[in-house]
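Take a look at the letters that make up each chain.
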Amino acid sequence: MDHMPMGFKEVIPDQTYSSKWKEFIINAGGTQSTLQDIKVPERAGGFCYKDSSKHYTRNRFIYWRITGDVLELVEQSLEINLIGNHVRYKFQDTAILEGLSIHEAGGGSNVVLLVATVSSVHRLTFPHPDIIHKKDHLSSHHPEMSVPSIFSEASQSAARDPATFHVINNAIANSMLPHTSASWLSANDEALFALGYGTGSVLILCMGSSRIGLVSSAELKQSSVINRLWSGIMPEALRSRGGSGGLGMSNFGVHFGSAGEVAMGMVIHPIANETFLFCLCRDGRLRMWSTAQKECKLASYVLESTAESGRRLLQGTQNHMLRKAVSNDGNTLYLGAYMCFSNECAFCILKPVLESGIYQLVRLTTIYAPEHDLVDFQFSQYRLWAVWTVSDGSMLVSSMLMDLSEAKASGGSAPSTQAEWETAILEVAPRGLLVPTASPEEGLDPMVDPRQAYLAHIFHPGRFPLAVIAKALAVYRRAPGGGIVSQTLDVGSTPLAAVLRDRVCKAVDSDIRMELNGEPFNNEFVSCDEEEYREVSMRCWARLLLCCEQYREAGARPMGLVPGDGGLRSTPPLALVRRSQLSLFRPADALEYLLSLKQPENVPPTFFSSTPILGKGENQMGGLFKCLVHYMVVLKYVIDDEDPQVCSEMCKVISALGILEKRIPEGLKAAFECDLHRLRSPDSAMADIASALLSDSSEENVLDPCAPDSFWKCLEDVKNMYEAMLMLLKALTLDHDQPNDLILEDPDPSSSRMMMSVNYLFSSQLGISVIAESLHQIAVVRFSTCCNLLLLQYLILECSGGGVGFGGSSWAGGLGPLIDEEHVNGVRSDLIPRTTLLTQAYLLLKWVTETPCAPHPPPTSSLENSLQQMMLLKINDSKSSSSVGGPTLHHLHPLGRGGAWTLAELFLASDGGRHAHSLSVRLMHGGVRSEEGEGNPNLFNCQWHSAMLPYVTLVGQLIWPISRNFIFPEFLLSSRQYVLIQEYVRLLQSWCEWNSCSRKFILGAALLIGGGEADKAHDLVVQAAEGVSSDHFMANALLQHSSRPHKGIYPSLKKDLEGAGGKDFGAGFSAEEDQPSNARLLTQYYLLVIKLFDQLNYHDRVIDLAKTAITVADPNDPDLPTLHSIMFREHLRLGHWSEAQEALVSNPDGDRRRDCLRQLVTALWDRGELRTLVNLPSGVKEEVETVLEARARAVDLLGSRSSGHNYYDFLYSFHVTRGNMRKAACAMYEQAMRLEQEVMGCRVGPEGGVGSWSWALDKRARCLLACMNALCLVQRRYAWIVKPLPREPPFEAGGSPEGGSGPAFIGGERSPKRRSDGEEVVQNRIKRQVEVLEYKDIKKEYEVVIARLKLIKYAPEHATVTGLALSEEELIGALAKAGMYDNALRLGALLFESRHDCEWAVGVLETAASACVRLLPNGPSSAYASGGVEIGGSRDSTSAWDLLGENDLSMLGIGDAPAVSLSWKLLEHFVNKYETPGQTILHKAVATRILSMGAFLPHWLLASYKRRDPAELLRIFLEAGRLSEGGALAIEYLWAALGKGTDRWGLESALHANKPQLCLPHSIFHLYLLELADATPPDPEYEQLHNELREVLTLYLRTVTQVSVEMANQKAKLAAG
């Protein structure tokens, strides 16, 4: 089967950046003389892997170049990127022979390279791709990732391993060196080498597969006995001359002389389990040797039984060549011999057959070659390919169709006729500057800077390799008058593009200065006009460009073909190896094929019948697959329309267009294209060109019908011009006149398995470049065809009398009408508009394939923001997360391409490649069904020769602007090509009506994100809103509006539309909302755009968009509150308070209103707009109050101190302004309570000191004071507040907050589910109790705070203590300790007023008493007179005044009294004031403390104590051991009972019968008597007291007895009476 029925076209991929080579040097025993003795031609070849079912071996090949003693090996793949794939072996001073072969051995585990040199043979082994990729199924490998090549592990040690090579002993060949070779790897893994010598002998070497390196050799002698005898008789010199002279007996098939048996070409191949060597010798014989038996099995003339049989033919300028091929089944061997003689050359295809045990050669066909020099040739069962060099130095690749499977042995003479050679369409490198000219006469537009124009041309992606530019620059510097710069350039190493660009500019600038100034380093130009400078500049730049073109031509010299299949069967050649380039072949498009023919009108319609097309299953496909049917659309119409006549006439029109293309000047074409880029309509521009051509009466007129190659002659026989041109237009239409169907559909889940293979199709860097360049070639051809067709249509109208505005020509009307009058209007109204449309569409496709993309931006914060904006638009979310993920911009740099990517290449490397793969899977999976309902497996396969053209068409349709498909513009936005988006939209805006609104949207997004032009972007996105219901991208990609959900192509934006206040930014579509209204879609669209503008902080534009969205939204739209919230938020950000209030009030959603109000309050508070906050409308004041309270409770109080604003203070003012005093009091109390709980009087600043300690307490005191003031202004019965309760956690049933059995405190940090020991708890809520606080309760707290403040002020060392949660008793004690007795007692009286005793004051007075005793002049042991002498003296103490200063002395009423006396007076005041009537708790405490310190009790204390409780006073003296004082008081007490001083002891009366009963503490008196009697050592004072006390006590007892008797008698009398 012929895989390229319409020929093939060369594609030169981008090879701008040179690769890194691994170099190894092998010394095989050669010398410099060895290399000079033999000259072998430069050769190249290739090898393809046989297994095409795996992605890593499919479309993967190895090619090599042989130059002298250097062998270059490169492995490439169209599917995956390979690293370490360039290796260079240098066989030192040893020429490499032809016959290199590569084999897959070891059951697919190794790749073996067999190479022979003039002095050695080598067997190099590399790992097979199966070994490298054997774990691919365990890891996720993506196409954009690079994988190791089989050469990545090549090493010097492996190449020098003795087991891998063998040095040849040339002594066996009479010391001559071999000149050709062949190699083969047998089935038992033995390497066979055949080396041909000039003597006619052949050396066979067999190298085993073991590591020992055993090599056996044998020499093949002459094939006949006569030759062997002749070689033994005649000297070698004579034999050589005889052989070279062609002496011999050709009738008998014997040449006298061994020179005739010199092998010119050799191949080795097995036949029937035996390996044979086939040698094409100089005498024209083909000899077949058995390598096992070392015998010649066959010696036959190649030209036997041909017209040249028996003729004396002299050797031509080239040697004979021999190639082999096998049939499709692999069982038949074909030999192709190229016989070169002086008068003619021919290809003979032979087949060795075994008949009756004898091998014979069967000649299948003979093909005569053109008169060119053959470089290389290959053939298969169906076609022969050959590469030629023409006499002018150009290259030619041609092929001949043949079918060896049906060919029979030719006998007699050669066939009278043979098929014509078909020339491949080769890529012609452009020469000169490719810049659109303003007119045909001008070479460069005067408005274009030559420097920029030439730099853009030279460094255009893929035009010149950097190595070529570097070499050209080196030559340019050395040329006479060339630029000279201080920098030196190492030609061996290719610099980066930016560095090389800078060096080029410096060299040319230096050259310009040289011509103008005469000095290369003079930076100042001499005075010259602009025209002179421009002329010199263009001349210097043109000289550099010429050097680049010459080096490119030198590197483009062909060297060999790379077979397209490892089995050398039916696959056409894959690539052509040039001296420094690699070009690939692809099947030619039908239109390209017809334009390449000299007479396409002679092509019969039946020629296309065997072409693989998609058939008639179109109605069963949808969308993009329907349009893919016509990727060979010309052929499709031949079958569908069944009108061969129209097809033939269309071919004639194509022939005319081909002639027209050649005759139109290039300047005219460039001017026309320049007009199109300036947005001039093609029909208008072409009408002017047609008018100018028809008005030209010169002899060189392009349209001259009398010219020999006039295109008019091709149109004379066209009967139906209208139908022919209509068919051609349909063939040129990529969307197949169905732009609305050219959209992507959901991927089929059942095709996921195929994605594992198709996912890699043409995904490598090389594959992407080939596809992009192929698309560019097709776009250029079709664009020129459309232009020529448009010109032809205008010419036809003029010749038919229908032209308008043409100048008229003397011969134009004499041609006669070329179209019927009834079709003239059809041409004008139908064909010309359609042609105009296609011209503009292909201009865009051409622009996409040749425009370099913008360089990758540096990784900055702006880039991160841009990525966030892309994620917002969800442009590349589904693509980046899909399993078919492609490389991103940052990933493309390590692949070696840098920034030199065209838009088409970048598109293929990302979105375009992924979508094309998905569509390819649909085709493979059966996108088109046969009549039986089964998918056609041959519809689309992954072989390069069958998949490339459909794949290119798929990519072209993805870019095609006349469709609803919007993948390519979407890709431009996601790849951040903002400048190119503007150019893309500019080229389409004047004519393309498809996706017009979507283009406005992406243009607005590009201006906004890339350029910051918010005003223009706003206008564009508003204009684009018209397409939310019509444009596929707007409705589906952005808003996810479709009757069925899109899963993989367009992502949903619903989840990512977040709005103000923490709610969803967009409500999205409900489940039942299958067909949303246009207003609903507009609302969703504006929400998306608003989010984009908001992220870029264009708040004023967000307000405008929100207003626009509100005006178009339905009244019941669920997103209407969101829009109002957005408008409110933006006004708030800009400080538009009144507008924000209006937006807040107009919001229909109460929840949103509250959210906005919360934000308004916060914003006003943060900006200090408190007056505005107070004056908010009355309708929202309740909500303002709620918000303020919530904010107050949420804000840290310490933070409010630093900010200077306090929510609680503002709430107090807010409520006071409104007259709500209770709420004002409540706010102040809550603040005070929080200060106690959160701050606790701790250190609040790093500066320390009293001020920082006291801030919190002072603030709390002020809060409590304000609270009390507010309550004082309320009626008494309403002067109360409810105590705010802090948020409490739930506790376990039966537990308490204080107990340890409850769970841990519930908050954001602790878990409420388990106790500290891990036991799970059951939680129950505790019912909170309401606590009412009255004025007095608040006053108590206030006094506590004031006391703490005073304590901190007087004694800062106590601050840390007061910061703790002190109890009331502890606080009173701390005050007393600090000497603030008055404060302590007043605080205690306030706190414990409900108690009936004064136990709380004991500690305070004890402390005060101790202080007073210490202040005595003579210390605690000072004595005083027992008659109640006043304590004191004339001495003042400084410490006494310090003590008194912290207490209130105004109530003492003493003027200039000394400090000590005032201290005791103050103590007296405290005891008398705070002692409970009828109790002596404080007296006892003070007396006990004074006595314990050894001091005397003051008179006022004794007097008061004697009146209150004399018995207790006596006990205190007794316990203190003060017997003398106590004894004296006891005697005085007894005398008071007897009537002497009764009033001083608190007795109502003395002891008397008529008075109330009187009781005295007799036990105490007896204790005194005992103590005084037992005193040791005896003291006279004690004895005297003892006697007096005993006497007084005796007297008292007698008096008691007497009074008792009298009282008894009185009672008896009263009883008797």
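Residues numbered from 1 in each chain as written. Predicted model: local features only at pLDDT ≥ 70, side-chain atom pairs only at ≥ 80, totals over all residues. Heavy atoms only, no water.

1. Looking at the overall build of the protein
When you go through the protein residue by residue, the secondary structure sums to 55 helices and 35 strands. Put simply, the protein has 1617 residues, and 55% of those count as buried. Relative to all contacts within the protein whose residues are 6 or more apart in sequence, the contacts with residues 24 or more apart total 67%. Per element, the accessible surface of the protein, about 70400 Å² overall, is 51% carbon and sulfur. (Helix = DSSP H or I, 4+ residues; strand = E, 2+ residues; numbered from the N terminus. Buried < 20%, exposed > 50% of the residue type's maximum accessible area, 1.4 Å probe, protein only. Contact = heavy atoms within 4.5 Å. Areas by Shrake-Rupley, 256 points an atom, 1.4 Å probe, with all protein chains shown as cover.)

2. Quick look at the sheet that holds strand S8 (residues 101-105)
Strands belonging to one sheet form pairs held by backbone hydrogen bonds; the direction of such a pair is parallel or antiparallel. One open sheet holds the 4 strands; their spatial order is S8-S9-S10-S12, and the pairing between them is antiparallel. Lying at the two open borders of the sheet, with one neighbouring strand each, are S8 and strand S12 (165-167). Within the sheet, the average angular offset between the axes of one strand and its neighbour, ignoring direction, is 15 degrees. Direction of pairing for strand S10 (residues 120-127) relative to S12: antiparallel, over a ladder of 3 bridges. Across the sheet, the residue bridging to histidine 122 is phenylalanine 165, located in S12. (Pairing = 2+ DSSP bridges. Axes fitted to C-alpha atoms, helices over the stretch in contact; angles between N-to-C directions.)

3. Overview of the packing of aromatic side chains
Applying the stated rule across the entire model yields 31 aromatic pairs. Ring centres 6.2 Å apart and planes at 50 degrees place the aromatic pair phenylalanine 1001 and phenylalanine 1033 in the tilted group. Residue phenylalanine 1001 is located in helix H29 (residues 996-1011), and its partner phenylalanine 1033 is located in helix H31 (residues 1032-1038); the two are separated by 32 residues in the primary sequence. Summarising the burial analysis for this pair, phenylalanine 1001 and phenylalanine 1033 share the class buried. Among the aromatic side chains, those forming a connected cluster through ring pairs are Tyr338, Phe347, Phe377, Trp388 and Trp421. (Phe/Tyr/Trp six-rings, centres within 6.5 Å; stacked < 30°, edge-to-face > 60°.)

4. Points about the pattern of salt bridges
Within this structure, the stated rule accounts for 66 salt bridges. Across the pair glutamate 42 and arginine 579 runs a salt bridge, and its minimum N-O distance is 2.8 Å. Taken together, the residues span a long stretch of sequence, with glutamate 42 in the loop between helix H1 (32-37) and strand S3 (43-48) and arginine 579 in the loop between strand S30 (575-578) and strand S31 (582-587) at a distance of 537 residues. Classification of glutamate 42 by relative accessible area gives partly exposed; the value is 26%. One salt bridge in this structure joins glutamate 515 and arginine 539, with 2.7 Å as the shortest N-O distance. Note that glutamate 515 is positioned in helix H8 (residues 497-517) and arginine 539 in helix H9 (residues 530-555), a separation of 24 residues in sequence. Through salt bridges with shared partners, a single ionic network connects Asp511, Glu515, Glu535, Arg539 and Arg543. (Salt bridge = Lys/Arg side-chain N within 4 Å of Asp/Glu carboxyl O.)

5. What about the packing of helix H30 (residues 1014-1024) against helix H32 (residues 1078-1095)?
For the pair H30 and H32, interaxial distance at closest approach is 11 Å and the crossing angle is 165 degrees. Between H30 and H32, the interaxial angle falls into the category roughly antiparallel. The hand of the H30/H32 crossing is right-handed. Taking contact as the criterion, the partners of Ala1014, Ala1017, His1018, Val1021, Val1022 and Ala1024 in H30 are, on H32, Tyr1085, Tyr1086, Val1089 and Phe1093. When grouped by side-chain class, the residues that make up the contact of H30 with H32 number 9 nonpolar, 1 polar and no charged. (Parallel < 35°, antiparallel > 145°, perpendicular 65-115°, else oblique. Left-handed = near helix turned anticlockwise from the far one by under 90°. Nonpolar A, V, L, I, M, F, W, Y, C, P; charged D, E, K, R; others polar.)

6. A short note on the side chain of serine 975
Among the secondary structure elements, serine 975 is positioned in the loop between helix H27 (967-974) and helix H28 (978-988). For serine 975, a relative accessible area of 7% corresponds to the buried category. Here the side chain of serine 975 touches phenylalanine 971 through a polar contact of 2.8 Å, landing on its backbone oxygen. (Polar contact = N/O pair within 3.5 Å; in protein donor to acceptor, adjacent residues only side chain to side chain.)

7. Looking at the nonpolar core
With 229 residues, the main nonpolar core has Phe711, Phe1001 and Tyr1085 as its most contacted residues. With 20 residues, the top contributor of residues to this core is helix H19 (residues 765-799). Every residue in contact with phenylalanine 711, bar those within four places of it in the chain, is listed here: Ala656, Ile659, Leu660, Leu703, Leu792 and Leu795. Counting residues in each nonpolar core, the second largest holds 80 residues, with Leu1385, Leu1501, Leu1558 and Leu1560 among its members. (Core = buried A, V, L, I, M, F, W, Y, C linked by side-chain atoms within 4.5 Å.)

8. Things to note about the pairing of S30
Side chains Ala575 and Val577 of S30 all project onto a buried face; the interleaved residues Leu576 and Arg578 project onto the opposite face, where all are buried too. One ladder, built from 4 bridges, connects strand S29 (residues 558-562) with S30; its direction is antiparallel. The partner of valine 562 across the bridge, within S30, is alanine 575. The hairpin turn running from S30 into S31, its antiparallel successor, is 3 residues long.

9. Examining the environment of serine 963
By secondary structure assignment, the location of serine 963 is in the loop between helix H26 (944-959) and H27. Residue class for serine 963 comes out buried when judged on its relative accessible area of 0%. A sequence separation of 29 residues divides serine 963 from cysteine 992, and the C-alpha atoms of the two residues are 9.6 Å apart. Within polar-contact distance, the side chain of serine 963 engages the backbone oxygen of tryptophan 960 at 3.1 Å.

10. Re a negative patch on the surface
A cluster of acidic residues, Asp529, Glu530, Glu531 and Glu532, forms a negative patch at the surface. Take aspartate 529: it is sitting in the loop between H8 and H9. In this structure aspartate 529 comes out as partly exposed when scored by relative accessible area, which is 47%. (Patch = residues over 30% accessible without salt bridge, like charges linked within 9 Å, V, L, I, M, F, W, Y side chains within 5 Å. Lys, Arg positive; Asp, Glu negative; His and termini not counted. Charge placed at Lys NZ, Arg CZ, Asp CG, Glu CD.)

11. Some points on the sheet that holds strand S15 (residues 202-207)
Strand order in the open sheet formed by 4 strands is S13-S14-S15-S16, with antiparallel pairing between adjacent strands. For this open sheet the edge positions go to strand S13 (180-185) and strand S16 (215-220), each flanked by a neighbour on one side alone. Strand-to-strand twist of the sheet, defined as the mean angle between neighbouring strand axes without regard to direction, takes the value 15 degrees. By the bridge criterion, 6 bridges tie S15 to S16 in an arrangement that is antiparallel. Pairing of methionine 207 across the sheet is with valine 215, part of S16.

12. Some thoughts on the environment of tyrosine 842
Tracing the backbone shows tyrosine 842 in helix H20 (residues 821-850). A relative accessible area of 1% places tyrosine 842 in the buried class. Linking tyrosine 842 and threonine 785, residues 57 residues apart in sequence, is a C-alpha distance of 10.0 Å. Only 2.3 Å separates the side chain of tyrosine 842 from the backbone oxygen of leucine 732, close enough to count as a polar contact.

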